Amino acid sequence: MSFEVHAQGAVHVFDCFSCAIHRMAPICEHCRVQIIGQGVEVEGQWFCGGHCARAEGKAGIIDHV
Ligand SMILES: [Zn+2]
């Protein structure tokens, strides 16, 4: 039951969703948590939410709801 994830021109093959999540999920630049689901991208950096973005000095970030 393997499946492919196409991202940024590359094809990644996984045999379970949790493997894919751990390989593909971006890491919050502030608290280092894996961002699964809604995150925010600011100037090429990923954060788990507006709180962490602001903690790193990124102004004007509003959480997606
Ligand atoms: Zn965070």
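Attention here is on the structure that accompanies the text. (Residues numbered from 1 in each chain as written. Predicted model: local features only at pLDDT ≥ 70, side-chain atom pairs only at ≥ 80, totals over all residues. Heavy atoms only, no water.)

### A closer look at the overall build of the protein
The secondary structure content of the protein amounts to two helices and four strands. Computed over C-alpha atoms, the radius of gyration of the protein comes to 14 Å, more than 25% over the 11 Å expected from 2.2 N^0.38 for 65 residues, which places it beyond the range of a compact globule. On the principal axes, the C-alpha backbone points of the protein span a range of 40 × 20 × 20 Å. Across the 65 residues that make up the protein, the buried fraction comes to 23%. Sequence-distant contacts, at least 24 apart, represent 8% of the contacts inside the protein between residues at least 6 apart. Accessible surface for the protein amounts to roughly 4,800 Å². Of this, 54% is attributable to carbon and sulfur atoms. With 4 positive and 7 negative side-chain charges, the protein shows a spacing of 6 Å between the two charge centroids. (Helix = DSSP H or I, 4+ residues; strand = E, 2+ residues; numbered from the N terminus. Rg over C-alpha atoms; globule rule 2.2 N^0.38 Å. Buried < 20%, exposed > 50% of the residue type's maximum accessible area, 1.4 Å probe, protein only. Contact = heavy atoms within 4.5 Å. Areas by Shrake-Rupley, 256 points an atom, 1.4 Å probe, with all protein chains shown as cover. Lys, Arg positive; Asp, Glu negative; His and termini not counted. Charge placed at Lys NZ, Arg CZ, Asp CG, Glu CD.)

### Comments concerning the coordination of the zinc ion
At 2.3 Å from the zinc ion lie its protein donor atoms, namely Cys28 (SG), Cys31 (SG), Cys48 (SG) and Cys52 (SG). Site description for the zinc ion: donor spacing in sequence, C-x2-C-x16-C-x3-C. Exposure remark for Cys48: the relative accessible area of 30% places this residue in the partly exposed category. The class of Cys52 is buried, set by a relative accessible area of 5%. (Donors = N, O, S within 2.8 Å, 3.2 Å for Na, K, Ca; no water.)

### A word on the pairing of strand E1 (residues 3–7)
Looking at chain direction, E1 and strand E2 (residues 10–14) are connected through five bridges and run antiparallel. Across the sheet, the residue bridging to Glu4 is Val13, located in E2. (Pairing = 2+ DSSP bridges.)

### Digging into the environment of His51
Mapped onto the elements, His51 comes out in helix H2 (residues 50–55). For His51, a relative accessible area of 58% puts it in the exposed group.

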